[in-house]
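# Structural overview
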Amino acid sequence: MSPQLINFNPLIKLIRNFLFVLFLGLLFSSNPPPALAIGSSAHLTGAFGPLHNWPIIPIAMMLMPDGKIFAYGSNPNGTQGAKMYYATWDPSLGTGGSAFTLLQNTTNTDIFCAGHSIIPATGQALVVGGDALVNGIRNYANSDVNIFDPVTSTLIRQSQQMAYKRWYATSVTSPTGEHIVLGGRNDKFFAGTPTKPATTASYSPIPEVRAANGSWRSLTNASDDYAYGALGASSWYYPRAWIDPRGKIFILSHFDAAYKLDYSGMGTITQYQTTRPKGGRFELPSVMFAPGKILSLRRNKTAVVVDINGNGDPTVTLTGAPSAERLYGSATILADGRVWVNGGSSGGNSLTGATLTSEIWNPATNTWTLAASASTYRLYHSASILLPDGSVMTGGGGAPGPLTQLNGEIYYPSYLYKKDGSGQFDYRPEIVAAPESIIGWNESFSVQSDEIINRVTLLRVGAATHNIDVEARFFNLTIPSKGTIVTLKSPANANIAPPGYYMLFVWNSDGVPSIAKIIQIGNHL
Ligand SMILES: [Cu+2]
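The following refers to the structure shown. The model shown is predicted, which means the values in this text are computed figures rather than measured ones.

## Focus on the sheet that holds strand 11 (residues 145-149)
Spatially, 7-8-11-12 is the arrangement adopted by the four strands of the open sheet, whose pairing is antiparallel. In the strand order of this sheet, the two ends are held by strand 7 (115-118) and strand 12 (154-157), each with one partner. Averaged over all pairs of adjacent strands, the angle between strand axes in this sheet comes to 25 degrees, irrespective of strand direction. Both strand 8 (residues 125-128) and strand 11 contribute to a ladder of four bridges, which runs antiparallel. Within strand 11, the residue paired with valine 128 across the bridge is valine 145.

## Concerning the coordination of the copper ion
The coordination sphere of the copper ion contains the protein donors Cys113 (SG), Tyr168 (OH), His381 (NE2) and His466 (NE2), at a distance range of 2.0 to 2.1 Å. In this structure, the copper ion is coordinated by four donor atoms arranged in tetrahedral fashion, with angles at the metal of 97 to 116 degrees. Mapped onto the sequence, the residues coordinating the copper ion show the spacing C-x54-Y-x212-H-x84-H. Here tyrosine 168 is found in the loop between strand 12 and strand 13 (170-173), whereas its partner histidine 466 is found in the loop between strand 37 (463-465) and strand 38 (474-477), with 298 residues between them in sequence.

## Regarding the pattern of salt bridges
Once their charged atoms are close, side chains differing in charge can pair, the charge on each being opposite to the other. Tallying each qualifying case throughout the model produces 13 salt bridges. Aspartate 144 is the salt-bridge partner of arginine 157, the closest N and O atoms lying 3.4 Å from each other. Of this pair, arginine 157 sits in strand 12 while aspartate 144 is found in the loop between strand 10 (137-141) and strand 11, placing the two residues 13 residues apart along the sequence. Residue class for aspartate 144 comes out buried when judged on its relative accessible area of 7%. Salt-bridge contacts for lysine 248 lead to aspartate 262; the nearest nitrogen and oxygen are separated by 3.6 Å.

## Looking at unusual backbone geometry
The phi angle of most residues is negative, glycine excepted, and most peptide bonds adopt the trans form. Between alanine 399 and proline 400 the backbone carries a cis peptide bond, its omega angle lying at 5 degrees. At aspartate 256, a residue that is not glycine, the phi angle is positive and equals roughly 85 degrees. Mapping aspartate 256 onto the fold places it in the loop between strand 20 (249-252) and strand 21 (258-262). You will see that alanine 399, though not glycine, has its phi angle at about 55 degrees, which is positive. Residue class for alanine 399 comes out buried when judged on its relative accessible area of 15%.

## Overview of the layout of surface pockets
One water molecule sets the probe size; rolling that probe over the atoms shows where empty space is left. One number sums up the size of the second largest pocket: a volume of about 340 Å³. Pro120, Ala121, Thr122, Pro499 and Gln520 are, among the 22 residues lining the second largest pocket, the residues nearest its centre.

## Some thoughts on the packing of aromatic side chains
Here the structure, examined in full by the defined rule, presents 27 aromatic pairs. Relative to tyrosine 168, the ring of tryptophan 167 lies with its centre 4.2 Å away and its plane at 50 degrees, an arrangement referred to as tilted. Grouping aromatic residues by their ring pairs yields a cluster made of Trp167, Tyr168, Tyr203, Trp236, Tyr237, Tyr238 and Phe282. Taking NZ or CZ as reference, arginine 455 lies 5.6 Å from the ring centre of tryptophan 507, over its face.

## Quick word on the pairing of strand 20
Neither face of strand 20 is exposed, since Ile249 and Ile251 on one face and Phe250 and Leu252 on the opposite face are all buried. Across four bridges, the pairing between strand 19 (residues 240-243) and strand 20 is antiparallel. Residue pairing in the sheet places tryptophan 242 in a bridge with phenylalanine 250 of strand 20. The hairpin formed by strand 19 and strand 20 contains five residues between the paired strands, and glycine 247 there has a positive phi angle of roughly 90 degrees. Relative to strand 21, strand 20 runs antiparallel, the two being bridged by four bridges. From the neighbouring strand, leucine 252 faces strand 21, where its bridge partner is alanine 258. Linking strand 20 back to strand 21 in an antiparallel pair, the connection comprises five residues, with aspartate 256 at a positive phi of about 85 degrees.

About the cut-offs
All residue numbers here refer to positions counted from 1 along the written sequence of the relevant chain. A pLDDT threshold of at least 70 governs which residues receive local features in this predicted model, and a stricter bar of 80 or more applies before side-chain atom pairs are shown or counted, although totals over entire chains, interfaces and linings include all residues. To obtain the side-chain values, all non-hydrogen atoms of the structure were used and water was disregarded. Note on pairing: two strands pair once DSSP finds at least 2 bridges between them. Strands here are runs of E lasting at least two residues and helices are runs of H or I lasting at least four, both read from the DSSP assignment and numbered beginning at the N terminus. Comment: axis = line fitted to C-alpha atoms, over the contacting stretch for helices; angle = value between 0 and 180 degrees taken between N-to-C directions. Donor selection uses N, O and S atoms within 2.8 Å of the metal (3.2 Å for Na, K and Ca). Since no water is included, sites may look incomplete. In short, tetrahedral needs four donors with all angles between 85 and 135 degrees, square planar needs four and octahedral six donors with opposite donors over 155 degrees apart and all other angles between 65 and 115, and whatever is left is irregular. Within this document, salt bridges are pairs made up of a side-chain nitrogen of Lys or Arg and a carboxyl oxygen of Asp or Glu, the two lying within 4 Å of each other. The classification of residues rests on relative accessible area computed with a 1.4 Å probe and restricted to protein chains. Under 20% of the type maximum is buried, over 50% is exposed, and intermediate values are partly exposed. In this analysis the probe radius is 1.4 Å and the grid spacing 1 Å, with only protein atoms considered; a cavity is a set of points the probe fits into but cannot get out of, a pocket is an open set with protein on both sides within 12 Å along at least five of seven lines, and lining residues have an atom within 4 Å of a point. Grid points are joined across faces, edges and corners, and a volume is the space filled by probe spheres set on the points. Geometry of aromatic contacts follows a simple scheme: Phe, Tyr and Trp rings, the Trp one being its six-membered ring, pair when their centres are within 6.5 Å, and the pair is stacked under 30 degrees between planes, edge-to-face over 60, tilted otherwise. Throughout this description, the term charge over a ring refers to an Arg CZ or Lys NZ atom that lies within 6 Å of the ring centre and within 35 degrees of the ring normal.

What follows is the structure, given as structure tokens:
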């Protein structure tokens, strides 16, 4: 499943760079540098690439182990249509039409607003639940299970369904490679008409676990309407849930209560009594930016760090002040461990109060800094995801919304640019050799670059939708001594680094990252 390693000869690279510089010299000896390049702030704020088309609204985007994006959401007209279509995008081909593939969904499942994760053992995407049309009315739920296979680009309906219907459920990958599925709507309120019967709203408060063999087990002892059901504040709406450092599930509800779910046996759910981060909303993103540490955006231009590393109740501390309230915005861990936040609006799914300016939270300083501005708004049904080249695809919005966003933009973070203000991309170190087979936990492995390696970072491949990516995780790997070959230790255990696929970035002394090599962490076969 690993992408083929390109064994690059450093001498060829040297010659290429020399010729390139010679070419630039000749170019600029007769023509002045382009005006746009002077005084660029891209090396400080990052910059957006041009707006480009998507064949669907990418409401959900997942990075597959081959470096491509699997996306679903709308039909090509930008209205709800995931029963008919999904799409793939190959970032290595750019953003022109030929980089995207529109595919037919033949499963008869409407995966609009489904839950999803990557299956660690196979590198396929697990898609749970989604939408259903009942008496001609949308946004009911289904209990279907589908798997997207990146090798054949096919979406395949599974014979083993969930016990409960789920629309807006969260899927969490466990340390053993199972999936715990939480929340979602079971049935929808409809008042009824003379020709269409009334229906009553209900939710799915019993989590269920998908074993590696595809069978399902309900956690009937862990039923809870507040943690992931009807009560609280839309607690069923994509519950914010992560495996904690002890291997249990931590849940940060939208109404500020926090829970521990032990998913062994029939399950046990416990509320943390003292953990009450204020200002939660289901429209706001949260992301695990370091082992056991979650950045959570809250209402009224606030954000908190929730630390779940200790054995007692998790602690909550305020960060510095974000510049804007970002309902329906996204939070993405960059390749250097900072968190980039974009999109959103203080007015909800509305252009009133919407912001184009993005911003970055730096965990080292606990401060927020303004970053580049996008050319269009990202609201409800938008998503952002880190790519293997260290840039971020942000796309979508609409179905419904004030804008039908059949488009995306790529954000190029500051670390990709030369520091001289020219606005040009810097030369990148390249990974010459990295592990091709599975790496265990707390295990030594080596990586080789064509430049001195100054830093190595590791980021779990993302699975973003509805302004949340519960798969995303970040690791700074310690380098014992710098060199073109460094020996590192993989993360300590499967609780902090669940099995699956991770982007490995090496950084040179100029602070520029390589294109990532996607490696697999798991049990040796
Ligand atoms: Cu949705």
